[in-house]
Amino acid sequence: MNNQQQHWTKTELQIYILMLCANADSKVTEEELSLIKSKTDKETFDKIYQEFSGDTEEESLEKIQDNLVMHEYSHKELAKLRKEMFEIFFSDKKFSMMENTLDKILDNILY
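Student: I'd love a proper account of the nonpolar core, names of residues and values included.
Tutor: Core analysis: the largest hydrophobic core is formed by 29 residues, its most contacted members being I17, I36, I64, M85 and L106. Counting residues per element, the ones that place at least two in this core are α1 (10–22), α2 (30–37), α3 (42–53), α4 (57–68), α5 (75–89) and α6 (97–110). The element contributing the most residues to this core is α1, with nine residues.

Now the structure itself:
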């Protein structure tokens, strides 16, 4: 893991979280990627995708937690992020046990 602290914008953090959600069941589908790409520009997506690809799940959760404390999210922003997370989780019409576990972990981190 890179010891240098990453400081992301809210959009970058959102994309990173959604990438983690897409990967929760260990298979990222083209539909999930398209949905995530639709929420940002190509440059931001590519930057975050590159970083995400080199991280373990533990590193990902740590980076998310570290970056969440730098931004003050309103209840409305968190609700919107949760909705987007569920769009990713349910894009394949299933909610696997691994996705459910990740959802609970992220819920604890977000709130």
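Student: Can you explain unusual backbone geometry? Please cite residues and give values.
Tutor: At S26, a residue that is not glycine, the phi angle is positive and equals roughly 65°. Summarising the element assignment, S26 is placed in the loop between α1 and α2. On the basis of relative accessible area, S26 is assigned to the exposed category, the value being 59%. At K93, a position not held by glycine, the phi torsion is positive, near 65°. Inspection of the secondary structure assignment puts K93 in the loop between α5 and α6.

Student: If you had to explain the pattern of salt bridges to someone new, which residues and values would you point to?
Tutor: Scanning the model with the defined rule gives 11 salt bridges in all. With its nearest N and O atoms 3.2 Å apart, the salt bridge here joins K80 to E84. With K80 and E84 both in helix α5 and four residues apart, the pair spans about one turn of that helix. The exposure class of E84 is buried, given its relative accessible area of 8%. Look at the salt bridges and you will find they share partners, linking K39, K80, K83, E84 and E87 into a network.

Student: Please give an account of the packing of α1 against α4 that cites residues and values.
Tutor: At a closest axis distance of 11 Å, the pairing of α1 and α4 adopts a crossing angle of 150°. Here α4 runs roughly antiparallel to α1, going by the angle between their axes. For α1 against α4, the interelement crossing comes out left-handed. Contacts from L13, Y16, I17 and L20 in α1 reach E57, S60, L61, K63, I64, N67 and L68 in α4. When grouped by side-chain class, the residues that make up the contact of α1 with α4 number seven nonpolar, two polar and two charged.

The rules behind each value
Throughout, residues of each chain are indexed from 1 in the direction in which the sequence is written. Side-chain atom pairs in this predicted model are given and counted only at pLDDT of 80 or more, local residue features only at pLDDT of at least 70, and totals for whole chains, interfaces and linings cover all residues. Just so you know, side-chain values use all the structure's heavy atoms and leave hydrogens and water out. Nonpolar cores are built from buried Ala, Val, Leu, Ile, Met, Phe, Trp, Tyr and Cys residues. Side-chain atoms within 4.5 Å join them into one set. Burial classes follow relative accessibility: with a 1.4 Å probe on protein chains only, a residue under 20% of its type's maximum area counts as buried, one over 50% as exposed, and anything between as partly exposed. Only runs of H or I of at least four residues qualify as helices and only runs of E of at least two qualify as strands under DSSP, and these elements are numbered from the N terminus. Salt-bridge detection follows one rule: a side-chain nitrogen of Lys or Arg within 4 Å of a carboxyl oxygen of Asp or Glu. Here, axes are lines fitted to C-alpha atoms. For helices the fit covers the stretch in contact, and angles between N-to-C directions go from 0 to 180 degrees. Each angle receives one of four descriptions, namely roughly parallel if under 35 degrees, roughly antiparallel if over 145, roughly perpendicular if within 65 to 115, and oblique otherwise. Helix crossings get a hand from a simple test, with the near helix turned counterclockwise from the far one by less than a right angle marking a left-handed crossing and a clockwise turn marking a right-handed one. Throughout, a contact is declared for two residues whenever any of their heavy atoms are within 4.5 Å. Polar here means any residue other than Ala, Val, Leu, Ile, Met, Phe, Trp, Tyr, Cys and Pro, which are nonpolar, and Asp, Glu, Lys and Arg, which are charged; Gly is therefore polar.

Just distances and angles here, no functional claims.
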